[in-house]
Amino acid sequence: MVQLTLLTNDKMADIESNLKGRDMLSLLDFSSEEVKYLIDKAVKLKKDTKDGKLKPVLAGKTLGMIFEKNSTRTRVSFEVGTVQLGGHAIYMNAKDLQLGRGESIHDTAKVLSEFVDGIMIRANSHERVKELAKHASVPVINGLTDMYHPCQALADLLTIYEVKGSFKGKKLVYVGDGNNVAHSLVIAAAHVGMDVVVATPAGYECDPEVIQTAKQLAENNGSSFEETNDSVKAVTNADAIYTDVWTSMGQEEETAQRLIDFKDFQINDELVSHAKDDYMFLHCLPAIREEEVATSVIDGENSYVFHQAGNRLHAQKAVLAALL
Ligand code: CP
Ligand code: NVA
């Protein structure tokens, strides 16, 4: 493989054959080695893209993309990624499908499986994505639900890997809402053996089952995992600080209360002064400047948010090439 290699070539080949045809609803669907495979694959595909050496591994294949919520990065990176690999992607707004008039997930899954080779879906509820995957005969990829955002977390790992050169011994701190992005991030980081700290306001913690599983994964991979309501303690000596919006899509009616509850969790110059000098700032985007993050931080020299957004394209290609 190319310069950054987590697994040997033999191991990569073994894992590759195991991943074909699988769904990706959460990174808990995969072993730690399979997650490392996807990062290695993304590194390789990124290099091949830059060198003009990408192989058309999706030639003749079509990805169907269903969106129940807005998207810029997920939509465009999946569409461009599919085209770069020689395939074709179809954007479907759920409201325009018969799904929007009440056709069942069951029937939609069966019908789309007759037409396309894989389905990417961004849905309001994780349960709907599970149901789609249960009835589809082609791989289903979660492009964000209320519970998880696994595609984002793979791009996040790729970015950390490129900048820091390794995961072991690196401290990743998520500060903010214990939401979909946080869930996938902590699982991903535990898979690759990063030391993880999650700092949320009281009452906005991550799902306890997700935390339990991530803690176990971290222990298996020889790293530490902590939860706290103290953002200063959390970011002390951090190698990477990550945040997301305080109010996710679908929670708009809670905005006023959240602005009050999250006020000590803004990533600003004072907070990041406790991190290592070469800490990285990460955010899945879209961001609200001066809400969850100060403009000076997101537009500052430690911010990698656009590099991270760009990596969505290569992480997506790794997932598509592996599963489809
Ligand atoms: N980070 C992310 O998933 O962005 P979009 O909502 O624009 O897809
Ligand atoms: N937590 C955010 C992420 C958007 C990419 C949301 O669900 O709206």
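Criteria and thresholds
- Residues numbered from 1 in each chain as written.
- Chains lettered and ligands numbered in written order.
- Predicted model: local features only at pLDDT ≥ 70, side-chain atom pairs only at ≥ 80, totals over all residues.
- Heavy atoms only, no water.
- Helix = DSSP H or I, 4+ residues; strand = E, 2+ residues; numbered from the N terminus.
- Rg over C-alpha atoms; globule rule 2.2 N^0.38 Å.
- Buried < 20%, exposed > 50% of the residue type's maximum accessible area, 1.4 Å probe, protein only.
- Areas by Shrake-Rupley, 256 points an atom, 1.4 Å probe, with all protein chains shown as cover.
- Lys, Arg positive; Asp, Glu negative; His and termini not counted.
- Charge placed at Lys NZ, Arg CZ, Asp CG, Glu CD.
- Near = heavy atom within 4 Å.
- Polar contact = N/O pair within 3.5 Å; in protein donor to acceptor, adjacent residues only side chain to side chain.
- Nonpolar A, V, L, I, M, F, W, Y, C, P; charged D, E, K, R; others polar.
- Axes fitted to C-alpha atoms, helices over the stretch in contact; angles between N-to-C directions.
- Parallel < 35°, antiparallel > 145°, perpendicular 65-115°, else oblique.
- Left-handed = near helix turned anticlockwise from the far one by under 90°.
- Contact = heavy atoms within 4.5 Å.
- Pairing = 2+ DSSP bridges.
- Right-handed = clockwise from strand over helix to strand, strands pointing away.
- Expected span 1.5 Å × (residues − 1).
- Phe/Tyr/Trp six-rings, centres within 6.5 Å; stacked < 30°, edge-to-face > 60°.

### What about the overall build of the protein?
Looking only at helices and strands, the protein features 13 helices and nine strands. Taken against the 2.2 N^0.38 rule, which gives 20 Å for 324 residues, the C-alpha radius of gyration of the protein at 19 Å falls within 12% of a compact globule. Within the span of the protein, comprising 324 residues, buried residues form 56% of the whole. For the protein, the exposed surface amounts to about 13300 Å²; the carbon and sulfur share of it is 48%. Between the mean site of the 34 positive side-chain charges and the mean site of the 47 negative ones, the protein shows a separation of 6 Å.

### Here we look at the site of ligand 2
Around ligand 2 sit Leu-144, Asn-179, Asn-180, Val-181, Asp-244, Ser-248, Met-249 and Leu-285, and that is every residue in its neighbourhood. Taking Asn-179, its side chain carries an N or O atom lying 3.3 Å from a nitrogen atom of ligand 2. Take Ser-248: an N or O atom from its side chain is 2.7 Å from a nitrogen atom of ligand 2. Computed on the free molecule, ligand 2 has an accessible area of 270 Å², of which 94% lies beneath the protein chains in the complex. A breakdown of the residues in the shell around ligand 2 according to their chemical character gives four nonpolar, three polar and one charged.

### What to know about the packing of helix α4 (residues 105-115) against helix α5 (residues 126-135)
Following both chains from N to C, one finds α4 and α5 inclined at 45 degrees, their axes separated by 8 Å at the closest point. Here α4 lies oblique to α5, going by the angle between them. Crossing handedness for the pair α4 and α5: right-handed. Where α4 approaches α5, its residues Ile-105, His-106, Ala-109 and Lys-110 are matched on the opposing element by Arg-128, Glu-131, Leu-132 and His-135.

### Topic: the pairing of strand β7 (residues 225-228)
Pairing analysis gives four bridges linking strand β6 (residues 195-199) to β7, with the strands arranged parallel. Bridge assignment links Val-197 to a residue of β7, and that residue is Glu-226. Considered for its hand, the β-α-β crossover made up of β6, helix α8 (residues 208-220) and β7 is right-handed.

### Structural notes on the site of ligand 1
Residues in contact with ligand 1, as listed here, are Ser-71, Thr-72, Arg-73, Thr-74, Arg-122, His-149, Gln-152, Cys-284, Leu-285 and Arg-312. With respect to ligand 1, the side chain of His-149 contributes an N or O atom lying 2.7 Å from an oxygen atom. Within the backbone of Cys-284, a nitrogen or oxygen atom sits 2.9 Å from a nitrogen atom of ligand 1. For ligand 1, whose unbound accessible area comes to 260 Å², protein coverage reaches 95%. Looking at the shell around ligand 1 residue by residue, the class counts come to two nonpolar, five polar and three charged.

### Points about the sheet that holds β7
If you trace the five strands from one edge of the open sheet to the other, you get β7-β6-β5-β8-β9, paired in parallel fashion. The open sheet terminates on both sides in strands that have one partner only, identified here as β7 and β9 (280-283). Each adjacent strand pair in this sheet contributes to an overall mean axis angle of 20 degrees, direction not counted.

### Side note on helix α6 (residues 150-164)
Helix length check: α6, at 15 residues, gives a terminal C-alpha distance of 21 Å against a target of 21 Å (1.5 Å per residue), a fit within 8%. Looking one or two residues beyond α6, the residue adopting positive phi is Gly-165, at roughly 80 degrees.

### Side note on the packing of aromatic side chains
Within this structure, the stated rule accounts for five aromatic pairs. Ring centres of Tyr-161 and Phe-167 lie 5.0 Å apart, and the angle between their planes is 20 degrees; this geometry places the pair in the stacked category. Classification of Phe-167 by relative accessible area gives buried; the value is 3%. The interplanar angle of 25 degrees and the centroid separation of 5.6 Å between the aromatic rings of Trp-246 and Phe-262 together place this pair among those described as stacked. Here the residue Trp-246 occupies a position in the loop between β8 (240-243) and α10 (255-261), and Phe-262 occupies one in the loop between α10 and α11 (269-272), the gap between them amounting to 16 residues. Phe-262 sits in the buried class, given a relative accessible area of 0%. Feature note: the residues Tyr-204, Trp-246 and Phe-262 constitute an aromatic cluster, connected by ring pairs.

Keep in mind these numbers describe shape, not what the thing actually does.
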